[in-house]
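# Summary of the model geometry
Each chain, written out:
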Amino acid sequence: MSVQIDHLLNESRRFAPTPEFSAQSAASPELYADAQADRLGFWSAQSRELLHWHKPFTKTLDWTNPPFAKWFEDGELNVAYNCLDRHVLAGNGDRVALHFEGEPGDSRDITYAELTAEVKRATNVLIKLGVKAGDRVAIYLPMIPEAVISMLAVARLGAVHSVIFGGFSAESLRSRIDDANAVLVITADGGFRKGRVSALKPAVDAALQSGDSSVENVLVVKRTGQDVEWNDRDLWWHDELASVDAEHEAEAFPAENPLFILYTSGTTGAPKGILHTSGGYLTQNAFTHKNVFDLKPETDVYWCTADVGWITGHSYVVYGPLANGATQVLFEGTPDSPHPGRWWEIIEKYKVSILYTAPTAIRTFMKLGRQIPQKFDLTSLRVLGSVGEPINPEAWMWYREVIGGNITPVVDTWWQTETGAIMVSALPGVTETKPGAAQVAIPGIAIDVLDDDGTHVGHGNGGLLVVTEPWPAMLRGIWGDPERFKETYWDKFEGTTGAKGGPLYFAGDGARLDDDGDIWLLGRVDDVMNVSGHRLSTAEIESSLVAHPLTAEAAVVGASDEVTGQAVVAFVVIKFSQAETASHEDINAVLRAHVAQQIGAIARPREIFIVDELPKTRSGKIMRRLLRDVAEGREVGDTSTLADTSVMQIISQKMK
Ligand code: PRX
């Protein structure tokens, strides 16, 4: 990390917007001025302009019971109507909503009229199956149109979706289904990945095997056509959609009606179910999607490469773009299959003009070399976005030069599952950009960088990133655990308050303000890792490792990795009784497979080191900092607080 910080401090390249771009950009400096003059007035004006309210709101924010906020509380809207029907009613039914590009090369264009019709039918299926407003529906699907359709159908009904990334295991699926008491699971027979068919339904069957779950039905989309086991509760998606009425009139729900739960890793224990609601969430998503990407819905082709299983997919594949009536690419596959130019081929094919992706992908492409993208016509691109982890200046420059033809603005967007929408980003056409910096809070968002005592750090200094005022897309809580919600995010700076007297939101990220006051993100300050832009918890992987009969103790660290940002590295102590009998290679393979099976392939450790003891303080706390030194091949830091100082010597010698 220290190398990276030095690098950032020396970064002096600047890119001013071209006058041509500024002349046409959606965003303008007035947005900042308006928000500055009247923050709540600004958000209520944006909400009225960007969304259709069945019943207009009269109140903007209720922050009388912090940290529980209510936005646009007395208004009523239907989220799916905002993403679908109103575009059709406005005469844009023929506009393509989704250019679906399947992994095997199949493709399908779906217009707003078609998408609306499909969602209406899917909603009628949910009603037929007894799903009601407020019920939870688990969605476990590949990146196919039915994923978007399912989410919108659930939203249309005022029910709550919980999308579980298709790469998660049966056990992860089970714990999420149970935590939310889901009544229905929507899945597929399987999906395509890197030229092969991979199964999904068996994981659902395994998750529901014990028979004591809240799930009443499983709706199965036929994607691959592979054989699947069939249970009484299972229904084919296509049969059900064909059997229901085509019409469905969207009902209005209160602005604070829950929209979805999305599980994300924290510092301790099981993943947290982050709860988002309707009106505020959709307002900030529509606003940021329009202004951060300079969206022109009539002419742009937008592509966000995230999977709908993550927050970026929720906010910037489904809700933001569809609320804005955008045309977008939905891609099922991976960047390198069947050839390493697949993404660039897609950009050429659909004339993609706005691309939103993660630094890890950019770094992978950098490694492969510019000759691959240079074989394709990428001149349609006019805005590039980055999200999920800090982007190093070299990757930012490469993105701009090689993908953006040395002219496109690059926006580095900082936000989180919890924030629901983009919080810190340059605005194209307005901001002079700096490679590697997320730079400025978006209009209407109040960000600060504080030291541990809650004092503003001042220009040129580093500290902790906080949000000082409530924001429309903020999480409304952790599903079923209000105490954990308070403790995790709002208690850190107790005693320090925002302008209106409320508590400060602690994001868990380190940040630095440069001499202009611009924000540079420096990574997590807690035990959350970021691997390829995906959040993983050290505690969760440790508890999976110790759940295995071979393991006595385990410590997991995120070690920096050139391509994935961080990589999972584990240190395990094997039970005495087992240590003699198995080889290190075997133990390694068994434990890596175990973690992949328990949590999902993304959590599989890159390396597992078998050690005799873990470095601990006298009070028994594992000193991960020292293990990170070892994992990153550095000289081990200060060991004076260890209970047994020799242990680090032994560990580092073993690693050599
Ligand atoms: O550490 C920050 C990092 O990703 C974390 C949030 O992860 P998640 O909830 O999975 O959401 C990712 C997509 C929004 C943050 O706490 N992060 C996200 N974007 C950036 C970032 N770090 C630096 N720069 C970013 N642009």
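The structure presented is a predicted model; accordingly, all values stated were derived computationally and were not measured.

Calculation notes
- Residues numbered from 1 in each chain as written.
- Predicted model: local features only at pLDDT ≥ 70, side-chain atom pairs only at ≥ 80, totals over all residues.
- Helix = DSSP H or I, 4+ residues; strand = E, 2+ residues; numbered from the N terminus.
- Buried ≥ 20, exposed ≤ 12 C-beta atoms within 10 Å, placed from the backbone.
- Contact = placed C-beta atoms within 7 Å.
- Near = placed C-beta within 6 Å.
- Nonpolar A, V, L, I, M, F, W, Y, C, P; charged D, E, K, R; others polar.
- Pairing = 2+ DSSP bridges.
- Right-handed = clockwise from strand over helix to strand, strands pointing away.
- Axes fitted to C-alpha atoms, helices over the stretch in contact; angles between N-to-C directions.
- UniProt positions renumbered as here; feature names shortened; annotations may be inferred.
- Core = buried A, V, L, I, M, F, W, Y, C linked by C-beta atoms within 7 Å.
- Parallel < 35°, antiparallel > 145°, perpendicular 65-115°, else oblique.
- Left-handed = near helix turned anticlockwise from the far one by under 90°.

## Quick look at the overall build of the chain
Helix and strand content of the chain: 22 helices and 30 strands. With respect to the principal axes defined by its C-alpha atoms, the chain has extents near 75 × 60 × 55 Å. Put simply, the chain has 656 residues, and 53% of those count as buried. Taking contacts inside the chain between residues at least 6 apart in sequence as the whole, the part at least 24 apart equals 70%.

## What to know about the site of the ligand
Neighbouring residues of the ligand: 21 residues in total, closest Trp414, Gln416, Thr417, Leu521 and Arg535. When contributions to the shell around the ligand are tallied by element, the ones reaching two or more residues are helix H13 (311-323), strand E20 (410-413), strand E24 (505-513) and strand E25 (519-524). Sort the elements by how many residues they give to the shell around the ligand and E24 lands first, with 3 residues. For the shell around the ligand, the class distribution of residues is 8 nonpolar, 8 polar and 5 charged.

## Looking at the pairing of strand E6 (residues 136-140)
Extensive coverage of E6 is indicated by the burial of 5 of its 5 residues. Side chains of E6 alternate between two faces, with Arg136, Ala138 and Tyr140 and Val137 and Ile139 buried alike. Pairing of E6 with strand E7 (residues 160-163) involves 4 bridges; the strand directions are parallel. Note on E7: the bridge partner recorded for Ala138 is Ser162. With helix H8 (residues 145-156) bridging E6 and the parallel E7, this β-α-β connection has right-handed handedness. As paired elements, E6 and strand E8 (residues 184-188) share 4 bridges and run parallel to each other. When the sheet's bridge partners are listed, Tyr140 is paired in E8 with Thr187.

## A few points about the sheet that holds strand E17 (residues 327-331)
What the 7 strands build is an open sheet, ordered E5-E4-E17-E16-E18-E19-E20; its pairing is mixed. If you trace the sheet from one side to the other, it starts and ends with strand E5 (107-111) and E20, each paired once. Across the sheet, the mean angle separating the axes of adjacent strands is 20° when strand polarity is ignored. Where strand E4 (residues 96-101) and E5 come together, 5 bridges link them in antiparallel fashion. Across the sheet, the residue bridging to Phe100 is Arg108, located in E5.

## Points about the UniProt feature "domain: Acetyl-coenzyme A synthetase N-terminal" (unreviewed entry) in the chain
Taking the UniProt record as the reference, the feature "domain: Acetyl-coenzyme A synthetase N-terminal" (unreviewed entry) is found at residues 30-83. In this annotation, residues 30-83 is assigned 46% helix and 20% strand; the end-to-end C-alpha distance for the span is 27 Å.

## Looking at the UniProt feature "binding site: CoA" (unreviewed entry) in the chain
The feature "binding site: CoA" (unreviewed entry), as given by UniProt, occupies Arg193, Lys194, Gly195, Arg196, Thr312 and Ser532 in the numbering adopted here. Across 340 residues, the annotated set is spatially dispersed, with a maximum C-alpha separation of 25.6 Å. Overall, the presence of 11 C-beta atoms within 10 Å leaves Arg196 in the exposed class. The residue Ser532 is located in the loop between strand E26 (528-531) and strand E27 (534-537) in this model. Not counting residues within four places of it along the chain, the set of residues in contact with Ser532 comprises Ala358, Thr360, Thr564 and Gly565.

## Considering the nonpolar core
Val137, Ile139, Met151, Leu152, Val185, Val352 and Met423 are the most contacted members of the largest nonpolar core, which has 162 residues in total. If one sorts the elements of this core by residue count, H8 sits on top with 8 residues. Not counting residues within four places of it along the chain, the set of residues in contact with Val185 comprises Ala138, Tyr140, Ile177, Val204, Val215 and Val218. Residues Ile541, Ala554, Ala555 and Ile587 belong to the second largest nonpolar core, which totals 33 residues.

## A word on the packing of helix H15 (residues 359-368) against helix H16 (residues 393-403)
Closest axis-to-axis distance for the H15/H16 pair is 10 Å, and the angle between their directions is 75°. By the angle between their axes, H15 is roughly perpendicular relative to H16. Contact residues: H15 offers Pro359, Ile362, Arg363 and Met366, while H16 offers Ala395, Trp398 and Tyr399. Residue composition of the contact of H15 with H16, by class: 6 nonpolar, no polar and 1 charged.

## Considerations on unusual backbone geometry
Note: most residues except glycine have negative phi, and most peptide bonds are trans. Of note, the bond from Pro66 into Pro67 is cis; its omega dihedral lies within 30 degrees of zero at 5°. Among the secondary structure elements, Pro67 is positioned in the loop between strand E1 (61-65) and strand E2 (68-71). Of note, the amide linkage connecting Ser337 to Pro338 takes the cis form, showing an omega dihedral of 0°. Relative to the helices and strands, Pro338 is located in the loop between E17 and helix H14 (342-350). Residues other than glycine seldom take positive phi values, yet Phe72 does so here, at roughly 55°. The topology assignment puts Phe72 in the loop between E2 and strand E3 (76-77).

## Observations concerning the sheet that holds strand E15 (residues 272-277)
Here 8 strands make up an open sheet; going across it, the order is E12-E11-E8-E6-E7-E14-E15-E23 and the pairing mixed. Each edge of the open sheet is held by one strand with a lone partner, namely strand E12 (234-236) and strand E23 (477-478). Sheet topology note: the E8/strand E11 (residues 217-221) ladder contains 5 bridges and is parallel. Note that in E11 the partner of Ala188 across the bridge is Val221. Of the strands in this sheet, E6, E7, E8, E11 and strand E14 (258-264) are in contact with H8, which crosses E6 at around 175°. Along the sheet, helix H9 (residues 170-180) contacts E6, E7, E8, E14 and E15; its crossing angle with E6, the most-contacted strand, is approximately 165°.

## Re the environment of Asp644
In this structure, Asp644 sits in the loop between helix H21 (624-631) and helix H22 (646-655). For Asp644, a count of 12 C-beta atoms within 10 Å corresponds to the exposed category.

## Here's the deal with the environment of Arg400
Counting through the fold element by element, Arg400 comes out in helix H16. Classification of Arg400 by C-beta neighbours within 10 Å gives buried; the count is 20. Separated by 17 residues in sequence, Arg400 and Val383 have C-alpha atoms that sit 9.3 Å apart.

## Description of the packing of helix H18 (residues 538-546) against helix H20 (residues 584-598)
In a pair of packed helices, the angle between the axes and the distance between the axes together describe the arrangement. Relative orientation of the contacting elements H18 and H20 amounts to 120°, with a least axis distance of 9 Å. One finds that H18 runs oblique with respect to H20. In terms of crossing hand, the pair formed by H18 and H20 is right-handed. Residues Ile541, Ser544 and Leu545 of H18 touch H20, and the partners they reach there are Leu591, His594, Val595 and Gln598. For the contact of H18 with H20, a count of residues per class yields 4 nonpolar, 3 polar and no charged.

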